[in-house]
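Spelled out from the first residue to the last, the chains are:
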Amino acid sequence: GCAFLYEALKTLQEHGSHRPGRFLYGVDLDEDARRYLAPLFEAGANEDHFLTRDFLRVTPTCMPGAPFGVICGNPPYIRPRLLGSRAVRVACRAIEKAGFRISRRSSYWAYFLLHCLNFLRDGGCLAMILPHAFLYSDYSRQLHRYLLGLFGSITIVSVDELVFEEAQEKPLLLLAKGFRLRNE
């Protein structure tokens, strides 16, 4: 529960930040995630920094603090055939509003990754835990080209073991720095 937020809080505290919770924001579909937020509030976070909604339905204009200098996440690894058609339509709309197009065969994590870019400010950093499918799936090739055109540097760290109990695929870390806003 809220492990990324706790680690961000700890890092900000270690660097001497006063009331570091005020710099933290989050979105989670699970109502139960809110029960983990007390330490963040004690450290200065605001209640409205944390939305309990489908991230793909959130826009930068309704997310306090956006755009952000750093975004980290662990999107759901769900195959499109396991999603309802309504969820796929929401995912497509989320990225198409910003000018993105991706194959409807893409896994759900790809939509989350692309949607995160709408919330990132110029020069920002992105850290995501993704499945190894990012390296080899057909739809990932277009993602690779797109991301390489948007970031100054990208590092991929492969993890050679299953880390998450319910995951059927080994994860990798995508670390991208130097986001450049699209000039379209």
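Scroll up to find the structure this text is about.
Residues numbered from 1 in each chain as written. Predicted model: local features only at pLDDT ≥ 70, side-chain atom pairs only at ≥ 80, totals over all residues. Heavy atoms only, no water.

Participant: Explain the overall build of the chain residue by residue, including any values.
Facilitator: The helix and strand tally for the chain stands at six helices and six strands. Shown N-terminal to C-terminal, the secondary structure of the chain runs as helices and strands in the order α-β-α-β-β-α-α-β-α-α-β-β. A compact globule built from 184 residues should have a C-alpha radius of gyration of about 16 Å, and the chain, at 16 Å, falls within 12% of that. Its C-alpha atoms give the chain principal-axis dimensions of about 45 × 35 × 35 Å. (Helix = DSSP H or I, 4+ residues; strand = E, 2+ residues; numbered from the N terminus. Rg over C-alpha atoms; globule rule 2.2 N^0.38 Å.)

Participant: Let's hear about unusual backbone geometry: which residues, and what values?
Facilitator: Residues A66 and P67 are joined by a peptide bond in cis, for which omega reads 0°. Along the chain, P67 turns up in the loop between β2 (50-51) and β3 (68-73).

Participant: Explain the pattern of salt bridges to me, and be specific about the residues and the numbers.
Facilitator: The tally for this structure, following the rule as stated, stands at three salt bridges. R34 is the partner of E47 in a salt bridge, and the nearest nitrogen-oxygen pair spans 2.5 Å. A residue pair is termed long-range when its members are at least 10 positions apart, and E47 in the loop between α2 (38-42) and β2 and R34 in the loop between β1 (26-27) and α2 qualify at 13 residues. Overall, R34 belongs to the partly exposed group, its relative accessible area being 25%. (Salt bridge = Lys/Arg side-chain N within 4 Å of Asp/Glu carboxyl O. Buried < 20%, exposed > 50% of the residue type's maximum accessible area, 1.4 Å probe, protein only.)

Participant: Which residues make up the sheet that holds strand β6 (residues 171-177), and what are the values?
Facilitator: Read from one edge of the open sheet, four strands run β3-β4-β6-β5, paired in mixed fashion. Bordering the open sheet on either side are β3 and β5 (153-158), each of which pairs with just one other strand. Each adjacent strand pair in this sheet contributes to an overall mean axis angle of 10°, direction not counted. Sheet analysis places β5 next to β6, joined by six bridges and oriented antiparallel. Each residue of the ladder has a partner; that of I154, found in β6, is A176. (Pairing = 2+ DSSP bridges. Axes fitted to C-alpha atoms, helices over the stretch in contact; angles between N-to-C directions.)

Participant: Give a description of a negative patch on the surface that names residues and reports values.
Facilitator: Residues D28, D30, E31 and D32 make up a contiguous surface patch of negative charge. In this fold, D32 is placed in the loop between β1 and α2. (Patch = residues over 30% accessible without salt bridge, like charges linked within 9 Å, V, L, I, M, F, W, Y side chains within 5 Å. Areas by Shrake-Rupley, 256 points an atom, 1.4 Å probe, with all protein chains shown as cover. Lys, Arg positive; Asp, Glu negative; His and termini not counted. Charge placed at Lys NZ, Arg CZ, Asp CG, Glu CD.)

Participant: A description of the nonpolar core should follow, citing residues and the corresponding values.
Facilitator: With 41 residues, the main nonpolar core has W109, L113, L117, L126 and F151 as its most contacted residues. Secondary-structure elements contributing two or more residues to this core are β3, α3 (85-96), α4 (108-116), β4 (120-131), α5 (133-136), α6 (138-150) and β6. At eight residues, α4 tops the list of elements feeding residues into this core. With sequence-adjacent residues up to four places away left out, F151 is seen in contact with L117, L120, G124, L126, A176, K177, G178, F179 and R180. If you look at the next biggest cluster of nonpolar residues, it comprises nine residues, including C2, L37, L40 and A43. (Core = buried A, V, L, I, M, F, W, Y, C linked by side-chain atoms within 4.5 Å. Contact = heavy atoms within 4.5 Å.)

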